[in-house]
Amino acid sequence: MTAPSLHRTSLLSRRALLAGPALAALALRPEIGRAQAAQRIVAAGGVVTEILYALGRQDLIVGVDTTSLHPPEAMRDKANVGYVRALSAEGVLSLRPTVLVAIEGAGPPDTVKLIAEAGVKVERIGEDTSEKGVVERIRVIGRFAGVEAKAEELAVAVERDFALLRQLRGAVTAKKRVLFVLSLQNGRAIVGGRGSSADAIIAHAGAINAAEAVEGYKPVTDEGIISAAPDVILMMKRGNHAAAPDEVFALPAFSATPAAAAKALVTMDGLYLLGFGPRTPEAARDLMAAVYGLNGDSGSRRP
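Residues numbered from 1 in each chain as written. Predicted model: local features only at pLDDT ≥ 70, side-chain atom pairs only at ≥ 80, totals over all residues. Heavy atoms only, no water.

> Teacher, can you tell me more about the overall build of the chain here?
A count of helices and strands for the chain gives 13 helices and 11 strands. Every one of the 303 residues in the chain was classed for burial, and the buried ones make up 48%. (Helix = DSSP H or I, 4+ residues; strand = E, 2+ residues; numbered from the N terminus. Buried < 20%, exposed > 50% of the residue type's maximum accessible area, 1.4 Å probe, protein only.)

Listed below in C-alpha cells is the structure:
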C-alpha cells in the first residue's frame, strides 16, 4: 500500500471513529428534525446560547462553548466544548448532538467538516451587527428550536428597543470619539477599527469610532492613539482584557488624549457589549449613557 493510500485509510478510520457515537445515537431515534423535542444542540457562540435561553429552549442544549457566559448557569449546567474558534470534534461528538448551531466564525473549518461528516447537522448563524441582523438572528434560532412564535415575540420586542435607541441617538448633537481597546500587550494597544463588532456598538450608541483609520482589530502605535484623539476609552471589564483607569492613562500615548483629563474609561461585560443578541439595544443605551452622561434607565431590561 502506498503512503497516500495509508494516509487516506488513516483519515477515514479517524472519521469513522469520531462518527461512531453520533451515528449510533441517530440509529436509536427519529430522523433529525422530525421532532424538535428530540434535538440535542451544541451551541458554538455566546449569542446562540443566550438566544436559546431567552426563548426558553435551554433544555435542547447539551453543550456550549466558553463564550457562552450569559446566562451564568449555561457554563455551570451544560458541557463545555471549548473555545468557539478551537472546537474539538471528539468533544462535540461525545455529546451525541443532532445539530451544531454555530456562529460564522466557529471552527476550525476542518473540525466543523468532521462533525458534519459524522452525521451532525451544522447550522451557521450570521454575525451581522446591524439592527436587522440582530433581529433576524433571533428568528433563525427560533426556527431551529421549533419556537417560531416565541422568537417572533422576542424579535418584535427587540425591534421596539432599537426604535427607542434610534430616538436617543437622534438627540445627540455633539458626537464623542470612542476608542475600543481590546487589550494592552506590553503597553501596545489592540483596538477595534472599522468593520469590527466594536465599531458597530459604538455607532449604535451614537458615537464616533476613534479607530476608524484601521480595519478590524489591529495593534496601533502610540502616534496612532494620539492622532485618534478619543474622548472616551472603552474596554471589557474581565480577564486579560481589563485594565484600571490609572493603568491605562499612565501610558504615554493615552495620557496625551482628550480622554485622559477626566480619566474617561468605560468598561462593560464583553458578551453584553459585543454579543449582538437580544440585549444589544440595552448595551448600546448603557454605553451611550456612560459616554454622554445620560440617564441609562431609559427602557426595558431583559434578564
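On we go.
> Help me out: how do you make sense of unusual backbone geometry in this one?
Excluding glycine, a negative phi dihedral is what most residues carry, and trans is how most peptide bonds are arranged. Cis geometry marks the peptide bond from His70 to Pro71, where omega comes out at -5°. Within the element layout of this structure, Pro71 appears in the loop between β2 (61–64) and α3 (73–77). Look at the link from Gly107 to Pro108: it is a cis peptide, with omega at 5°. Of note, Ala229 is a non-glycine position whose phi angle comes to about 50°, a positive value. In this structure, Lys263 is a non-glycine residue whose phi angle is positive, near 45°. Its location among the elements puts Lys263 in the loop between α11 (252–255) and β11 (265–268).

> Hey, could you run me through the environment of Thr129 in this one?
Residue placement: Thr129 occurs in the loop between β5 (121–125) and α6 (131–145). Residues Thr129 and His204 lie 75 residues apart in sequence; the distance between their C-alpha atoms is 9.6 Å. When sequence neighbours within four positions are dropped, the list of residues in contact with Thr129 reads Val134, Ser197, Ala200, His204 and Phe276. (Contact = heavy atoms within 4.5 Å.)

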